[in-house]
Amino acid sequence: MDFGFGIAPSSSINLDKVDLSLYRKVKEVEPDIERCMACGSCSATCPAAKFSGMSVRKVILGLQRGQQKEVRKMLSNCMLCGKCNMVCPRGINTRHLILSVCRYFDMKEEQK
Amino acid sequence: MKENIVIIGGGAAGLEAAYQLLTLGYTPIIIEKSGHLGGHLYDWNRLFPDMTPAKQVAKAMMERVKDANIFLNTEIISIDKKDDAYAIVLNNGISISCTAVLVTTGFQLFDAHKKEEYGYGIYDHVITNKDLEGWFNGNKDRRVDDKDGLKAVGFVHCVGSRDIKAGNSQCSKVCCITAIKQAIEMKEKYPDAEVYCFYMDLRMFGKKYEDFYINGQKDHGIHFIRGRVSEVSENIDGKVIVKAEDTLNGKPIKVTLDLLVLMAGIVCNSDTAKLASALKLPTDTDGFLKSKDNVLNIIESPKEGIFYAGACTGPKTVPETVAEARAAALAIHNHINSHKSWTSDSE
Ligand SMILES: Cc1cc2nc3c(=O)[nH]c(=O)nc-3n(C[C@H](O)[C@H](O)[C@H](O)COP(=O)(O)OP(=O)(O)OC[C@H]3O[C@@H](n4cnc5c(N)ncnc54)[C@H](O)[C@@H]3O)c2cc1C
Ligand code: SF4
Ligand code: SF4
Ligand code: SF4
């Protein structure tokens, strides 16, 4: 029977079950990722943010919460301009971090 | 010098003030209601920011006041102003007349039972910051079940602070740094454990506190989740289930823990409130003793001859408490001197 609406998949995060394997891998090559304090400077300055929802802050949080799909989608909008890199007060090399994460997703320049 | 100075409360504030007054040539009288000096220092294990053993600090402070008159297990029955002096009667029958009174009665921890939704006293593995310090000090605590090590530990910030419904709208100031300090200590004991801090804001205001935050993130991999814990429950295995909103993500979040630590806040000591009403001392809108002036004169009461130091006027760290105690000792010295010159002028 079609009621015209469906049950939305649960949007809650269960930290007991969350898959953090990608976050752990990224941490090994980008240990500074742990220093992020979610200030949002990176997203505020990002030229892609307005149009695409790209946000380094959300990429980092997404990795910490096992939201790989969302992270991948966001990353595809990054232009690698490096503006976020200049403003991060915790000195995280965000551009480098983005590239490292892309590598794990096996994203090539042209795929982006 | 024969002027009597009574110090009510033998915690960090009372001890430091007594030491300074001894140095100035007075013999202060310390009245302490418990059986030991040191106040809350007695309950803590290691102190931020340098992880100094609390016992060591307390011991150093106690040794310097040996020459003071110290009454332990003693309380004030009555205190009345008589001319320029205060007449104090103690529960051991002794009465004292003194020129100055220094109130250093400190704080009390918010009673975590009152936040029923967090399950303190209801669930098996929920403790407070104070309980954890006790456990670090070697106290046995069956709520900390570490037979097989601890695998997941959570810290709830702002328990009984910033909470109008719980009767305390203020920030307790020291619990953010204490939570991260304790989270790091847990990680040092159980490196494989996942440790979570549930916070609304991280108020790392003091010297080197931000380093605790960065080290907690970077060296210890502590998970910081911005969101107030809304509800705690217990599963069939006795584990603690915590629910909150991951507000940076806009999503509900849930985790199962072996131990939950509640960062109970700092509230005005109920004994201080009793003393305040006996002396008709006003309390400020935050529930703590009201100073003559919150900018320039936090250590004087509105009543002549009564002084304050330490956490009786609000949440404070040990170094802040000690600085106030020194200031109060000097203010008492000046008060006594001006009093003397006034009486000799009139002769
Ligand atoms: C969980 C926690 C951890 C902390 N850790 C740190 C830390 O690591 N570093 C740091 O700098 N600060 C720390 N603090 C803050 C520190 O505890 C306070 O700064 C300090 O205890 C304040 O000293 P005080 O003398 O004003 O009060 P208290 O320590 O509360 O001492 C008051 C004394 O007065 C006595 N008293 C009370 N009423 C009466 C009465 N009517 N008659 C007689 N005696 C009375 C009490 O018995 C007590 O001995 C922590 C606080 C908390 C809550
Ligand atoms: S590098 Fe990417 S994320 Fe950073 S500012 Fe440029 S477009 Fe935005
Ligand atoms: S600017 Fe740096 S610290 Fe701030 S959110 Fe972005 S990555 Fe994190
Ligand atoms: S210091 Fe932190 S935990 Fe304590 S009341 Fe303030 S914000 Fe909450």
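The model shown is predicted, which means the values in this text are computed figures rather than measured ones.

### Focus: the overall build of chain B
From N to C terminus, chain B includes seven helices and 20 strands. Against the compact-globule benchmark of 20 Å for 347 residues, chain B has a radius of gyration of 22 Å, which places it among compact chains. Dimensions of chain B, computed from the C-alpha atoms along their principal axes, are close to 80 × 35 × 35 Å. Looking at chain B residue by residue over its 347 residues, the buried ones come to 54%. Long-range pairs, those at least 24 residues apart, make up 64% of the contacts in chain B with a sequence separation of at least 6. As displayed, chain B has an accessible area near 15500 Å², and 49% of this comes from carbon and sulfur atoms. Taking the 41 positively charged and 46 negatively charged side chains of chain B as two groups, their mean positions are separated by 1 Å.

### A short note on the domain arrangement of chain B
Residue and element names in this part refer to chain B. Domain parsing of chain B yields domain 1 (4-106 + 269-346) and domain 2 (112-266). Taking the mean C-alpha position of each, domain 1 and domain 2 sit 33 Å from one another. Taken together, the 16 residues of domain 1 in the interface contact 21 residues of domain 2. Buried area between domain 1 and domain 2, summed over both chains or domains, comes out near 1600 Å², and the portion from carbon and sulfur atoms is 59%. Among the residues domain 1 hides against domain 2, the three largest losses belong to Asn45, Phe48 and Pro315. Together they make up 36% of the total. Along the contact surface separating domain 1 from domain 2 lie five salt bridges. For the salt bridge of Arg46 with Glu185, the shortest nitrogen-to-oxygen distance reads 3.3 Å. When the residues that make up the side of domain 1 that touches domain 2 are grouped by side-chain class, the tally is seven nonpolar, two polar and seven charged.

### Focus on the site of ligand 3
Residues and elements named next belong to chain A. Contacts to ligand 3 come from 13 residues, most closely from Cys36, Cys39, Gly40, Cys42 and Cys88. Of all elements in the fold, only helix H2 (41-45) and helix H4 (56-64) reach the threshold of two or more residues within the shell around ligand 3. Class assignment of the residues belonging to the shell around ligand 3 gives a composition of nine nonpolar, three polar and one charged.

### Some points on the sheet that holds strand E15 (residues 231-234) of chain B
Reading across the sheet, the four strands line up as E1(A)-E17(B)-E16(B)-E15(B) and stay open at both edges, with mixed pairing between neighbours. Every other strand in the sheet has two partners, leaving strand E1 (13-14) of chain A together with E15 of chain B as the edge strands with one partner each. Relative to strand E16 (residues 240-246) of chain B, E15 of chain B runs antiparallel, the two sharing four bridges. Pairing of Glu231 of chain B across the sheet is with Lys243 of chain B, part of E16 of chain B.

### Some thoughts on the nonpolar core
Ranked by internal contacts, the top residues of the largest apolar core, which has 72 residues, are Phe155, Met186 and Met204 of chain B. By residue number, the principal contributor to this core is helix H4 (residues 175-189) of chain B, which donates eight residues. Counting residues in each nonpolar core, the second largest holds 28 residues, with Ile60, Leu75, Cys84 and Ile92 of chain A among its members.

### Details of the environment of Lys290 of chain B
Residues and elements named next belong to chain B. Note on placement: Lys290 falls in the loop between helix H6 (270-278) and strand E20 (306-308). Lys290 gets classed as partly exposed once you look at its relative accessible area, which sits at 34%. Sequence spacing of Lys290 and Thr313 is 23 residues, and the spatial spacing of their C-alpha atoms is 6.7 Å. In this structure Lys290 touches Pro282, Thr283, Asp284, Ser301, Pro302 and Tyr308, once residues within four positions along its chain are discounted.

### Observations concerning the side chain of Gln217 of chain B
With respect to the element layout, Gln217 of chain B can be found in helix H5 (residues 209-218). A relative accessible area of 5% means that Gln217 of chain B is categorised as buried. Within the local environment of Gln217 of chain B, its side chain forms a polar contact with the side chain of Arg90 of chain A, the two groups lying 2.7 Å apart. Excluding residues within four positions of it along the chain, Gln217 of chain B makes contact with Glu34, Arg35, Cys36, Met37 and Arg90 of chain A together with Ile222 and Phe224 of chain B.

### Observations regarding H6 of chain B
An α-helix turns once per 3.6 residues; consequently, residues spaced three or four apart project the same way. All names here are of chain B. When H6 is considered as a whole, its buried residues turn out to be Thr272, Leu275 and Ala276. Here the buried residues of H6 occupy an arc of 100° about the axis, which is enough to place them on one side. With respect to the buried face of H6, the exposed residues turned more than 90 degrees away are Lys274 and Ser277. You can read the cap of H6 off the contacts: a side-chain oxygen lies 2.9 Å from the backbone nitrogen of Asp271, and it is on Asn269. Backbone geometry just downstream of H6 places Lys280 in the positive-phi region, at approximately 55°.

### Section: the interface of chain B and chain A
Note: interface size is frequently given as the accessible area lost on complex formation between the parts. Across the contact, 19 residues belong to chain B and 19 residues belong to chain A. Taken together, both faces of the contact between chain B and chain A bury some 1700 Å²; the carbon and sulfur share is 48%. At the boundary of chain B and chain A, one finds four salt bridges. Here Arg65 of chain A and Asp246 of chain B are joined by a salt bridge, their closest N and O atoms 2.6 Å apart. For the interface between chain B and chain A, the tally reads 11 residue pairs in polar contact (both at pLDDT 80 or more).

Each value, and the rule that gives it
Residues numbered from 1 in each chain as written. Chains lettered and ligands numbered in written order. Predicted model: local features only at pLDDT ≥ 70, side-chain atom pairs only at ≥ 80, totals over all residues. Heavy atoms only, no water. Helix = DSSP H or I, 4+ residues; strand = E, 2+ residues; numbered from the N terminus. Rg over C-alpha atoms; globule rule 2.2 N^0.38 Å. Buried < 20%, exposed > 50% of the residue type's maximum accessible area, 1.4 Å probe, protein only. Contact = heavy atoms within 4.5 Å. Areas by Shrake-Rupley, 256 points an atom, 1.4 Å probe, with all protein chains shown as cover. Lys, Arg positive; Asp, Glu negative; His and termini not counted. Charge placed at Lys NZ, Arg CZ, Asp CG, Glu CD. Domains from an automatic or database assignment. Buried area = accessible area lost by both parts, 1.4 Å probe. Salt bridge = Lys/Arg side-chain N within 4 Å of Asp/Glu carboxyl O. Nonpolar A, V, L, I, M, F, W, Y, C, P; charged D, E, K, R; others polar. Near = heavy atom within 4 Å. Pairing = 2+ DSSP bridges. Core = buried A, V, L, I, M, F, W, Y, C linked by side-chain atoms within 4.5 Å. Polar contact = N/O pair within 3.5 Å; in protein donor to acceptor, adjacent residues only side chain to side chain. Arc of directions from axis to C-beta.

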